[in-house]
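# Coordinate inspection notes
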Amino acid sequence: MSLRAEELLKSERPFHARGSKVKRCDECLLPKQNCICCHKPAQSTNVATVFLMYKGEYYKPTNTGRLIADVVKENYAFLWHRTEPQAQLLELLNNSSYLPIVVFPHEYAHADNCINQPPQIDNKKLLFIFLDGTWREAKKMFSKSAYLANLPVLGVNVNETSDYLLREASHTFQHCTAEVGISVLELAGEKEGAETLAQYFSIFRREYVKGKPHLRDKLAFATSQVK
């Protein structure tokens, strides 16, 4: 949300997109009558996250990366640049206190970089890097970011078909950022954080669907997933 605010200040013209006339909560970006701010969890976990965001992704109310940021206390977001990454991002990646890990399907990574389980190393905090954008944009970020090329790549195996509901995935292995985040936290041993994110995501999905007449047929399912 901080990145979104920064980019809005830089914009030379107002941002308008589908649904831009809806009166939204400034914090959760949902329609005001569907605001979920009262459900925002207390931040916790012993890991850190970085969101590399494709230009414009931070404007989208459907983006679920911010749900992870509401659960993982130490989180960072940067606008993706292919050749000129921000100095603060590079400092994080090179900081000996962190173990940076890119979260992405193994089929696109070099075999030597692939891991199935985040390693636990004394005095190093796991730093998970999420590539946040459409599937096409995420693949571009992964393949064209030289500063990520030598990092370990965690391939998350989410067996179930995505229950995102808000956009249709073109492949069964594609899941929204929050769904991937739940699996990443589980693999990192952050069971409580994973459960908190799963509940928070289910509330977000239910309230979003409520505000979309064309998704009303999915409301019963979305509601049933809230515990």
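The structure contained in this document is the topic of the report that follows. All of these numbers come straight from a predicted model, not from anything done at the bench. (Residues numbered from 1 in each chain as written. Predicted model: local features only at pLDDT ≥ 70, side-chain atom pairs only at ≥ 80, totals over all residues. Heavy atoms only, no water.)

### Things to note about the side chain of aspartate 132
With respect to the helices and strands, aspartate 132 occurs in strand β5 (residues 125-132). Within the structure, the side chain of aspartate 132 is placed 2.9 Å from the side chain of threonine 177, a separation counted as a polar contact. Each residue touching aspartate 132, except ones within four places of it in the same chain, is listed here: Phe51, Leu52, Met53, Tyr54, Glu57, Asn63, Gly65, Met141 and Thr177. (Helix = DSSP H or I, 4+ residues; strand = E, 2+ residues; numbered from the N terminus. Polar contact = N/O pair within 3.5 Å; in protein donor to acceptor, adjacent residues only side chain to side chain. Contact = heavy atoms within 4.5 Å.)

### Details of the nonpolar core
Ranked by internal contacts, the top residues of the largest apolar core, which has 39 residues, are Ile36, Leu67, Phe128 and Phe130. Contributions of two or more residues to this core are made by β1 (44-53), α2 (65-69), β2 (72-79), β3 (98-103), β5, α5 (177-187) and α6 (191-210). Here this core gets seven residues from one element, more than from any other, and that element is α6. Excluding its chain neighbours within four sequence positions, the residues that come into contact with leucine 67 are Ile36, Ala178, Leu197, Tyr200, Phe201 and Phe204. If you look at the next biggest cluster of nonpolar residues, it comprises 23 residues, including Phe78, Val102, Met141 and Leu151. (Core = buried A, V, L, I, M, F, W, Y, C linked by side-chain atoms within 4.5 Å. Buried < 20%, exposed > 50% of the residue type's maximum accessible area, 1.4 Å probe, protein only.)

### Side note on the pairing of β5
Burial within β5 is extensive, with seven of its eight residues counted as buried. With six bridges joining them, β1 and β5 adopt parallel strand pairing. Each bridged residue has a counterpart across the sheet, and for phenylalanine 51 the counterpart in β5 is phenylalanine 130. Examined bridge by bridge, β3 and β5 share six bridges and lie parallel to one another. Paired with tyrosine 98 across the two strands is lysine 125, which belongs to β5. (Pairing = 2+ DSSP bridges.)

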